[in-house]
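Survey of secondary and tertiary structure
Below are the chains, spelled out letter by letter.
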Amino acid sequence: MGGDVQVDYVTRPMASQWATELQRSGLTKRYVANMVSHAAQLFSAQVRAGHVPHGQNPVRGVVTLSTADKRLIRSSGRGWEPFDLPTLHRIYAPESLKRVAQQHTRWCALMGLYTGARVAELAQVYLRDFIAPDGIKCVHLTDENDGQSLKTEHSRRLVPLHPDLLALGLWDRVERLRAMGEERLFPEVRLDGKSGPGNAVSKGFSYLLARLDIKPRRINGTVGFHSLRKTFIQQLQGTALPSERRRALVGHEAGEDVHATDYMREWKADELAAFFPGLPWGNWLDFSGLKSLLT
């Protein structure tokens with residue numbers, strides 16, 4: 001649109017034309033939808049800062065993937081693949097995680113397995129984000145602290161910490177770092193990196209997969225940290241946990257259902273903690289071996 005166009009001058013028709021020209025240039029609809037999503041986040045920040053006076057995001061939703069679009073992507077074999085159980089056994093064996101030198105990658109790998117959170121959400125967590133409403137230890141994924149950002153408005157959420165994470169020493173780490181005067185769970189991770197705070201963790205995890213020779217099963221498939229998110233969601237899909245709570249746990253939009261958007265309150269910690277029995281990883285994790293790597 002040009003470097004001299006002010007953000008409060010951008011209209012929805014202008015944004016729509018921009019997105020249409022991107023698709024005409026040969027980019028896939030999925031790629032353009034991702035670009036629109038990123039641009040919409042920038043405009044959301046401008047709305048919050050008051051630089052877009054009417055409080056309307058002109059970019060959000062100008063390109064969306066329909067159910068048919070998503071079905072076509074899935075049928076093509078593209079996208080993130082979840083990990084099967086034998087692969088999880090290989091990744092989380094102590095001798096495997098020992099190949100990763102960085103504590104932040106080890107911890108994020110375990111937290112991703114038990115929360116389904118996005119890599120950047122975990123890498124940017126502050127110690128003050130760990131709270132215990134009604135005695136249930138949780139992490140609050142938010143953008144309220146310096147350097148934090150979220151993918152969407154629905155990404156802001158409360159996630160109860162699975163007992164296995166507590167047994168591995170996560171809360172102990174939080175308290176130890178607090179006593180040391182630190183502010184963040186992973187103080188060594190840069191929040192202002194060019195590729196975002198999750199880049200270092202994502203690279204470290206991908207390095208581990210390469211060392212273990214873990215590859216996609218499909219030609220167009222992809223494996224990486226985001227595979228943990230898909231694994232988490234699919235694991236809970238087969239449980240009695242309602243879909244509304246699954247979406248709340250992983251920060252997915254509830255949809256346009258007025259019942260969910262206008263009438264429902266926020267979920268309480270004990271209600272969200274109902275997902276604990278649906279994750280059986282603790283039945284085979286080597287707690288003593290892993291804990292020795294996490295201190």
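Analysis parameters
- Residues numbered from 1 in each chain as written.
- Predicted model: local features only at pLDDT ≥ 70, side-chain atom pairs only at ≥ 80, totals over all residues.
- Heavy atoms only, no water.
- Helix = DSSP H or I, 4+ residues; strand = E, 2+ residues; numbered from the N terminus.
- Buried < 20%, exposed > 50% of the residue type's maximum accessible area, 1.4 Å probe, protein only.
- Polar contact = N/O pair within 3.5 Å; in protein donor to acceptor, adjacent residues only side chain to side chain.
- Axes fitted to C-alpha atoms, helices over the stretch in contact; angles between N-to-C directions.
- Parallel < 35°, antiparallel > 145°, perpendicular 65-115°, else oblique.
- Left-handed = near helix turned anticlockwise from the far one by under 90°.
- Contact = heavy atoms within 4.5 Å.
- Patch = residues over 30% accessible without salt bridge, like charges linked within 9 Å, V, L, I, M, F, W, Y side chains within 5 Å.
- Areas by Shrake-Rupley, 256 points an atom, 1.4 Å probe, with all protein chains shown as cover.
- Salt bridge = Lys/Arg side-chain N within 4 Å of Asp/Glu carboxyl O.
- Lys, Arg positive; Asp, Glu negative; His and termini not counted.
- Charge placed at Lys NZ, Arg CZ, Asp CG, Glu CD.

Some remarks on the side chain of Asn57
- One can find Asn57 in the loop between α2 (29–49) and α3 (67–75).
- Residue classification places Asn57 among the buried positions, given a relative accessible area of 17%.
- Reaching out from Asn57, the side chain makes a polar contact with the side chain of Ser44 at a distance of 3.0 Å.

Some remarks on the packing of helix α1 (residues 12–24) against α2
- Contact geometry for α1 and α2: axes closest at 9 Å, N-to-C directions at 150°. Our classification of the angle between α1 and α2 gives roughly antiparallel. The element α1 and its partner α2 pack so that their crossing is right-handed. Residues Trp18, Ala19, Leu22 and Gln23 of α1 pack against Lys29, Val32, Met35, Val36 and Ala39 of α2.

Focus: the side chain of Gln103
- Considering the arrangement of structural elements, one finds Gln103 in helix α6 (residues 103–115).
- A distance of 3.1 Å separates a polar atom in the side chain of Gln103 from the backbone oxygen of Leu293.
- The residues contacting Gln103, other than those within four sequence positions of it, are Leu293, Leu294 and Thr295.

Digging into a negative patch on the surface
- Together, Asp146, Glu182, Glu183 and Glu188 line one region of the surface with negative charge.
- Positionally, Glu182 belongs in the loop between α9 (170–179) and α10 (199–211).

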